[in-house]
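Below are the chains, spelled out letter by letter.
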Amino acid sequence: MKTIFLIDMQSFYASIEKARYPHLQHKPLVVSGDPKRRSGVILAACPLAKKSGIKNGERLWEAEQKCLDLVVVPPKMQDYITISVEITNILEEYTDLVEPYSIDEQFIDVTGSQMLFGPPLEIAQKIQQQIWTKTKVRARIGIGENKVLAKMACDNFSKKNKSGIFWLKKDELEQTLWLLPVEKMFGVGGRMASHLRNMGIRTIGQLATVPLKRLKDQWGINGHVLWMTANGEDSSPVTTSSHDAQKAIGHGMTLPRDYIGLAEIRVVLLELCEEVCMRARKSKVMGQTVTVSVSGASYEFKTGFHRQATLYEPTNYVMDVFRLAERLFLQFWDQTPIRKLSVSLTKLCHDNELQLSLFDTARDKKAELGYVMDGIRERYGTTALIRASSLTKAGQAFERAQKIGGHYK
């Protein structure tokens, strides 16, 4: 039987900041973006801040109303990435099967490690102590015979007990997991929980005993996955190559102010297409389907759209992607101010898979130009070559060049 761990870092960004500033150890602390640029959203809250009702994802001004002595620090994304890699290195001392799930969560398979490092609980304690000693971040560890059990062990039990470790055993689900409300199950969001409750399904145990055919008739393959998860079944292995095959490349941003006119929106739309195509070329891929997503400026009345269209052939040339993205935007934009904009490229293929064309004689030159520009930017910085439109007030290219994942390095 396999033994899988899901290792989750408690309040990862906030814990790193408290380790950086020891005098804030007993203060309610959050990591948040800059409220002046409308990225003032809580990225991480320490346990003390959470006791005041503060949640990840809520707006900073709302959090400050809940906790008057709240300490707010800006994110330092490069530091968080560096420490995440350090934690990966620690885990690789115990097994070669380490699969990052997010920046603060990693799966590991210790099935073959027990002869060297002891039984699962002992290994978990060693890992927990080693991560704390090196990073001053507390790790919570869920243990199971597969990834879904390890994940639910961590989310529902490890995070709530004093040791931070819990082993969710498949033959004990009736006394543990099945007692929980159905919305506590991995893969069940708010909308799905409402559907299940409307069917009379209140607990994970009730979901586990629903006839499989009923769930498949209702939701097809997703219904089958729900039934398997409730019953603790998952055949997916821990693999080091889970992120090798990209399915999409995208970029988006929250604008520093409401963008009203088409002229300034086009500037950011072109910059996003530029970034998407640069990433595609770096990954040696092209894409054929372009998606544009827009969120309106109003928080009270949700407006915007999410639309896609397909090019005649795959590309990673900026202007090909931009022309289609602009067409989509013009077709579905309701002329109201916007605050968020994103572009993505899907239906990816390798960049050496080109269909011969008798008509687009400039295609090879366009493709070569993109890679030459990338070489210059790699050597001299991302702003070494920039479009003239990015020099206008609407442009965000210089600002974004200073950031990782939308936040300052």
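Above this text sits the structure in question.
In what follows, the accompanying structure is described. (Residues numbered from 1 in each chain as written. Predicted model: local features only at pLDDT ≥ 70, side-chain atom pairs only at ≥ 80, totals over all residues. Heavy atoms only, no water.)

Turning our attention to the pairing of strand S2 (residues 29-32). By the alternation rule, side chains of S2 split into Leu29 and Val31 and Val30 and Ser32, which are all buried. Across three bridges, the pairing between S2 and strand S4 (residues 71-73) is parallel. Residue Leu29 lies in a different strand from S4, and its bridge partner there is Val71. Inspection of the sheet shows S2 paired to strand S3 (residues 42-45) by three bridges, in the antiparallel sense. For Ser32, the partnering residue across the bridge sits in S3 and is Ile42. (Buried < 20%, exposed > 50% of the residue type's maximum accessible area, 1.4 Å probe, protein only. Helix = DSSP H or I, 4+ residues; strand = E, 2+ residues; numbered from the N terminus. Pairing = 2+ DSSP bridges.)

Further remarks concern helix H8 (residues 190-198). When we look at burial in H8, the residues that qualify are Met192, Ala193 and Leu196. On an axial view of H8, the arc spanned by its buried residues comes to 100°, and they lie on one face. Exposed side of H8, more than 90 degrees from the buried face: Gly190, Arg191 and Asn198 are the residues found there. Here the buried face of H8 lies against helix H9 (204-208), helix H10 (212-219) and helix H11 (221-230). Following H8 by one or two positions, Gly200 adopts a phi angle in the positive range, close to 85°. (Arc of directions from axis to C-beta. Contact = heavy atoms within 4.5 Å.)

Although it is not a glycine, Lys136 sits at a positive phi angle of roughly 60°. Given the relative accessible area of 41%, Lys136 is considered partly exposed. Not every positive phi belongs to a glycine, and Gln335 is a case in point at roughly 70°. With respect to the element layout, Gln335 can be found in the loop between helix H13 (318-332) and strand S12 (338-350).

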